[in-house]
Amino acid sequence: MDKPKTKVYIDGSNTFHAQKKLGWLIDWDKAKNYLSVRCDIIDWKYYIGVKDGDQEMAGFLRHLNKFGISAVTKSLKKIHLDKDDPQFKYAKDGYVYKANFDVEMTADMLLETDQITEIIIFSGDSDFVYLVRKLKNLGKNVTIYSSRKTISWELKLESAKVVFIESLEKEFRKQ
């Protein structure tokens, strides 16, 4: 049986927070090998905001690139929070850093659907519900990889298939 032609899109920030809640990191090389057994993966993209001069992140992105995962990056925005903002307690020195990739991921997924039958999204973000619905309307199978601890109930209900990362700890966990 032919493996489905697949593209993988990773919401770096959302997946990072899922890993943080799980208490372990995904070894992306292991994840790639695991998924390649059941899918003919044409492309992998990892979307992440980067602070200027962050050498640790630059090293991580070079590592991903070595085994075929392309990084889509942009600079993090430094946003000042008012003391009354509920997120203030999470801010360092009254600032948070953000880089939202929902539009970039959505555009890439909708514009890159030719010659594929499946799309894998690593994210639990409810902002992708509408996108998943549209991809399914285009006849694409959509699989969401997320944690039980971070997936939105809306995305879980809309998705064709959900795989919980914690069920793949043995296969994905970085040693």
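Coordinates for the structure precede this section.
Notes on the structure follow. In every chain, residue numbers begin from 1 and rise along the written sequence. A pLDDT threshold of at least 70 governs which residues receive local features in this predicted model, and a stricter bar of 80 or more applies before side-chain atom pairs are shown or counted, although totals over entire chains, interfaces and linings include all residues. Calculated side-chain values reflect all of the structure's heavy atoms, with hydrogen atoms and water omitted.

### Some details on the sheet that holds strand β6 (residues 118–122)
Move 1: One requirement defines pairing of two strands: DSSP has to find at least two bridges between them. Strands here mean DSSP runs of E at least two residues long; helices mean DSSP runs of H or I at least four residues long; both are numbered from the N terminus. Spatially, β3-β2-β1-β6-β7-β8 is the arrangement adopted by the 6 strands of the open sheet, whose pairing is parallel. Each edge of the sheet is formed by a strand with only one pairing partner; in this case those strands are β3 (70–75) and β8 (161–164). Sheet twist, expressed as the mean angle between neighbouring strand axes with direction ignored, is 20 degrees.
Move 2: Two strands pair when backbone bridges link them, and strand β1 (residues 5–11) and strand β2 (residues 40–50) are joined in this way by 7 bridges, in the parallel orientation. When the bridges of β2 are listed, Lys5 appears paired with Asp40.
Move 3: Its contacts with the sheet put helix α4 (residues 102–111) on β1, β2, β3 and β6, and the angle it makes with β1 is roughly 175 degrees. Note on geometry: axes are C-alpha line fits, over the in-contact stretch for helices, and angles between N-to-C directions span 0 to 180 degrees. In this description, contact between two residues means that some pair of their heavy atoms is separated by no more than 4.5 Å.

### So, the pairing of strand β7 (residues 141–146)
Move 1: Buried residues are those whose accessible area, probed at 1.4 Å on protein chains only, stays under 20% of the maximum for their type, while exposed residues exceed 50% and partly exposed ones sit between those limits. Burial analysis of β7 places 5 of its 6 residues in the buried class, the great majority of the element.
Move 2: Note on handedness: a clockwise path from strand one over the helix to strand two, with the strands aimed away from the viewer, defines a right-handed crossover. Considered for its hand, the β-α-β crossover made up of β6, helix α5 (residues 129–137) and β7 is right-handed.
Move 3: Taken together, the 4 bridges between β7 and β8 define a ladder with parallel strand orientation. Bridge pairing links Ser146 to Phe164 in β8.
Move 4: Read as a crossover between parallel neighbours, the route from β7 over helix α6 (residues 153–158) to β8 is right-handed.

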